[in-house]
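The lines below spell out each chain.
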Amino acid sequence: MRPRRLRRLITASIIAVVLLAAVAVLYVGVRAVQAREYLAAAADAAAQASALLAGGDVDGAETAIAAMTDHAARVDVGADPVWRLAETVPGAGANLAAVRIVSDGLAHLGGDTAVPLLSVARELRGVDSARAIEVLAASVDDLAGADDAVGAVRDELAGLDRSALIPEVSGGVDTLDRVLAEAGPLTEGAAEAAALLPPLLGIDEPRTVLVAVQNTAELRTGGGITGTFIQLDAEGGRVAVTGIRDSSSFAPVAEPLLPLRAGEQRSFGDGIGRFVQDASMTADFTLTARLASTWWESATGVVPDAVVSVDPLVMAAVLRVTGSVDSIAGTLTADDIVDRLLVTPYLSSTPEEQSDQFADAATAVFTALVERADVLGLAESLRAPLAEGRVSLWSARPAEQEIISRSALAGPLARQEQAGDDAFAVYFNDATGGKLTPYLSVGLGVATTTCRPDGREDVSIAVDLGSALPTDAATAFPVSVTGGGLFGAAVGDIAPTVTVVTPPGWLPGGVSLDGDLVASVAVEDGERLAVTRRTDLAPGRSRTLVFRFIAPDGGDVEPVLIHTPLLTEPGAARVAAAEPCASS
């Protein structure tokens, strides 16, 4: 080939490539503009669907989700070879990949997740418990698939490089994040409910469920003392209250009923297994439930198939759905049941009357639950108590317990494990024997500092404690409130025992009280470290504990705190991040 012809061919080829590239850029650009418009419309529809679902409008939500799915599907770039090739271009490629992931994600969530969820929700409207159980049993595979779809979208989004995203695309990713954050708990809860509730409520054979109602006026790790027990008998989805006892029915024993966790026994003593009220002092709900089951069997001869733990705030959530109930303490509503059960009785009633009122109220609430609770309304009302760890569940059937163990229903220890590798737990146990939680304020805070040559981080966890009792509490309040000084605390003092449990492998760095180093009890509980300190609060006094810990190795730490469910959400405690460096 002559040189001139070769040059012409090369020139033509270059021009062709440039033209093709220009066309491709123009093509992708046009599609990107269209995609932005469709994704903006999909985001608006997603926000509308969320608001409608929160308001209980299933039909309206279905329409909005259909619109979201349609807008997202119109982007339709997933199989476009030109678009996928453009995703390899530095800078712009990350944005194009994000557009594809967001559009595909919203489309899949609309079709694979929302459709089965809404179908089940529609079937559950206005049905009784027996029919609800049938619906859930028939939908177990569909709901599991809906939850899997959420997980698949979450995994796809996790692999996205967000650092290079322009604001318009980043906004779409944020939209998908919000949709996942709202859909995840719904699909996970629905899948778990479909797998667990039908067998637990006797769809195949009769079951007995023991409900342990915790009295959070007297703190324990899991929430409060286990003061009232209710037996529910279930068959074919129909539930009846068939037995009730309070803690006075179970006499203390000389030796623990079951083997205890070694670390907890060193921290709290063996009362966990000797006193029924202390069964929830352990973070291991499997142990709490087995102890409760053993106590119940010893008193009644009945071996429960499952144990569920709840507290008065769960009862309040039930009443928001069922409406008020009548009890020997009067008419109880969602707004006043906590005060009527945890404050008023201890100011004016005898111990026998207090127990009777609590037990009767619990029975009334659970009777209303099984007789007239709307299933969808109940699921929505219980979302917050479930997220706060106020409901724990254990099943004597291994297959069911395996499902429970992976869920937030498995109790405090499981909640900490599920919260991630950097999760710390702060647990509270009352040391007065009184009912003082309504007068206790709590603040929690956490700070990290890196000042060690090996790069290991220090974590400081601050616990603010305050007493709202008046200065004359010792004489103004009865022994049922103050505890009467029977357990070593001065009458009128609040004496919370605070335990902080670390992630596996962490080391103790000391505990300070109001800035001064103090003694504490540090024990190994499995691979975790548990550090405990009791602090007595005089009426009106506030004090601050700071627990310091050292990471087992280098690397960034992003601490997460979980805590004992309290009557009110803890405030924010201030903790000085520089303290560990100054003291190391």
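Preceding this paragraph is the structure being described.
The structure contained in this document is the topic of the report that follows. Owing to the predicted nature of the structure, the values given are computational and were not obtained by experimental measurement.

1. Concerning the overall build of the protein chain
Okay, so step 1: Broken down by element type, the protein chain carries 21 helices and 18 strands.
Okay, so step 2: Across the 584 residues in the protein chain, those meeting the buried criterion constitute 49%.
Okay, so step 3: Considering only intrachain contacts with a sequence separation of at least 6, the fraction spanning at least 24 residues in the protein chain is 72%.

2. Structural notes on helix 10 (residues 285–300)
Okay, so step 1: Look at helix 10: 22 Å from first C-alpha to last across 16 residues, which is about the 22 Å you get at 1.5 Å a residue.
Okay, so step 2: Of the positions making up helix 10, those classed as buried are Phe285, Leu287, Thr288, Ala289, Leu291, Ala292, Ser293, Trp295 and Trp296.
Okay, so step 3: Among the residues of helix 10, the N-terminal cap falls to Asp284, whose side-chain oxygen and the backbone nitrogen of Thr286 are separated by 3.1 Å.
Okay, so step 4: Gly301 sits one or two positions beyond helix 10 and adopts a positive phi of about 85°.

3. Comments concerning a nonpolar patch on the surface
Okay, so step 1: Taken together, the side chains of Val479, Leu486 and Phe487 present a nonpolar region at the surface, about 350 Å² in accessible area.
Okay, so step 2: Inspection of the secondary structure puts Val479 in helix 20 (residues 479–482).

4. So, the packing of aromatic side chains
Okay, so step 1: The tally for this structure, following the rule as stated, stands at seven aromatic pairs.
Okay, so step 2: Considering the side-chain rings of Phe250 and Trp295, the 6.2 Å spacing of their centres and the 75° angle between planes classify their relative orientation as edge-to-face. With a gap of 45 residues between them, Phe250 in the loop between strand 3 (238–246) and helix 8 (262–268) and Trp295 in helix 10 connect regions that are remote in the sequence.
Okay, so step 3: For Phe250, a relative accessible area of 5% translates into the label buried.
Okay, so step 4: Seen from their ring centres, Phe250 and Trp296 are 6.5 Å apart, and the 40° between their planes marks the pair as tilted. In this pair, Phe250 is assigned in the loop between strand 3 and helix 8 and Trp296 in helix 10, connecting sequence segments 46 residues apart. Here Phe250 and Trp296 have matching classes, each one buried.

5. Let's talk about the pattern of salt bridges
Okay, so step 1: Tallied over the entire structure, the rule returns 27 salt bridges.
Okay, so step 2: Glu205 is paired through a salt bridge with Arg207; the nearest N and O atoms lie 4.0 Å apart.
Okay, so step 3: On the accessibility criterion, Glu205 (38% relative accessible area) is partly exposed.
Okay, so step 4: For Arg207, a relative accessible area of 6% puts it in the buried group.
Okay, so step 5: Because the salt bridges share partners, they merge into one network encompassing Glu205, Arg207, Asp305, Arg397 and Glu400.

6. A word on helix 11 (residues 312–322)
Okay, so step 1: In terms of burial, helix 11 is a largely internal element, nine of the eleven residues being buried.
Okay, so step 2: Of the residues making up helix 11, those classed as buried are Pro312, Leu313, Val314, Met315, Ala316, Ala317, Val318, Leu319 and Thr322.
Okay, so step 3: Sitting at the amino-terminal end of helix 11 is Asp311, which places a side-chain oxygen 3.0 Å from the backbone nitrogen of Leu313.
Okay, so step 4: Once helix 11 ends, the next one or two residues include Gly323, with phi positive near 90°.

7. Let's talk about the pairing of strand 3
Okay, so step 1: Strand direction decides the pairing type here: strand 2 (residues 225–235) and strand 3, joined by eight bridges, are antiparallel. By the bridge assignment, Asp233 is partnered in strand 3 with Ala240.
Okay, so step 2: Following strand 2, the chain reverses through two residues before pairing antiparallel with strand 3; Gly236 in that reversal takes a positive phi of roughly 60°.

8. Digging into the side chain of Ser381
Okay, so step 1: Along the polypeptide, Ser381 turns up in helix 15 (residues 375–381).
Okay, so step 2: Its relative accessible area of 18% is what places Ser381 among the buried residues.
Okay, so step 3: The contacts of Ser381, once residues within four sequence positions are left out, are Ala317, Arg320 and Val321.

9. Re the layout of surface pockets
Okay, so step 1: By volume, the second largest pocket amounts to about 1,000 Å³.
Okay, so step 2: When contributions to the lining of the second largest pocket are tallied by element, the ones reaching two or more residues are strand 2, helix 8, helix 14 (351–372), strand 8 (423–430) and helix 20.
Okay, so step 3: Here the lining of the second largest pocket is built from residues that sort into 14 nonpolar, 16 polar and eight charged.

10. Some details on the side chain of Arg220
Okay, so step 1: Secondary-structure assignment places Arg220 in the loop between strand 1 (207–215) and strand 2.
Okay, so step 2: You can call Arg220 buried: its relative accessible area is 5%.
Okay, so step 3: Once residues lying within four places of it in the same chain are set aside, the contact partners of Arg220 are Ile225, Gln277, Asp278, Ser280, Met281, Phe428, Asn429, Asp430 and Thr564.

11. Description of the nonpolar core
Okay, so step 1: Ranked by size, the top nonpolar core spans 79 residues in total, and within it Val213, Phe428, Val463, Leu465, Phe547 and Phe549 carry the most contacts.
Okay, so step 2: Leaving out residues up to four positions away in the same chain, Val213 has contacts with Ile225, Thr226, Gly227, Thr228, Ile230, Val310, Met315, Phe358, Ala362 and Phe366.
Okay, so step 3: The next biggest cluster of nonpolar side chains, apart from the first, holds 27 residues, and it includes Val58, Val99, Leu106 and Leu157.

12. Comments concerning the pairing of strand 12 (residues 507–513)
Okay, so step 1: With five bridges joining them, strand 12 and strand 16 (residues 542–554) adopt antiparallel strand pairing. Within strand 16, the position partnered with Ser512 by the bridge is Val546.
Okay, so step 2: Pairing of strand 12 with strand 13 (residues 516–518) involves three bridges; the strand directions are antiparallel. When the sheet's bridge partners are listed, Leu513 is paired in strand 13 with Asp516.

13. Considerations on the packing of helix 11 against helix 14
Okay, so step 1: Relative orientation of the contacting elements helix 11 and helix 14 amounts to 40°, with a least axis distance of 10 Å. Looking at the two axes, helix 11 sits oblique to helix 14. You can see that helix 11 and helix 14 cross each other, and the crossing is left-handed. Along the contact surface, helix 11 presents Pro312, Met315, Val318, Leu319 and Thr322, while helix 14 presents Phe358, Ala361, Ala362, Val365, Ala368, Leu369 and Arg372.
Okay, so step 2: Of the residues in the contact of helix 11 with helix 14, the class split is ten nonpolar, one polar and one charged.

Rules and cut-offs
- Residues numbered from 1 in each chain as written.
- Predicted model: local features only at pLDDT ≥ 70, side-chain atom pairs only at ≥ 80, totals over all residues.
- Heavy atoms only, no water.
- Helix = DSSP H or I, 4+ residues; strand = E, 2+ residues; numbered from the N terminus.
- Buried < 20%, exposed > 50% of the residue type's maximum accessible area, 1.4 Å probe, protein only.
- Contact = heavy atoms within 4.5 Å.
- Expected span 1.5 Å × (residues − 1).
- Polar contact = N/O pair within 3.5 Å; in protein donor to acceptor, adjacent residues only side chain to side chain.
- Patch = residues over 30% accessible without salt bridge, like charges linked within 9 Å, V, L, I, M, F, W, Y side chains within 5 Å.
- Areas by Shrake-Rupley, 256 points an atom, 1.4 Å probe, with all protein chains shown as cover.
- Salt bridge = Lys/Arg side-chain N within 4 Å of Asp/Glu carboxyl O.
- Phe/Tyr/Trp six-rings, centres within 6.5 Å; stacked < 30°, edge-to-face > 60°.
- Pairing = 2+ DSSP bridges.
- 1 Å grid on protein atoms, 1.4 Å probe; cavity = no way out; pocket = protein on both sides within 12 Å on 5 of 7 lines; lining within 4 Å.
- Points joined across faces, edges and corners; volume = space filled by probe spheres on them.
- Nonpolar A, V, L, I, M, F, W, Y, C, P; charged D, E, K, R; others polar.
- Core = buried A, V, L, I, M, F, W, Y, C linked by side-chain atoms within 4.5 Å.
- Axes fitted to C-alpha atoms, helices over the stretch in contact; angles between N-to-C directions.
- Parallel < 35°, antiparallel > 145°, perpendicular 65-115°, else oblique.
- Left-handed = near helix turned anticlockwise from the far one by under 90°.

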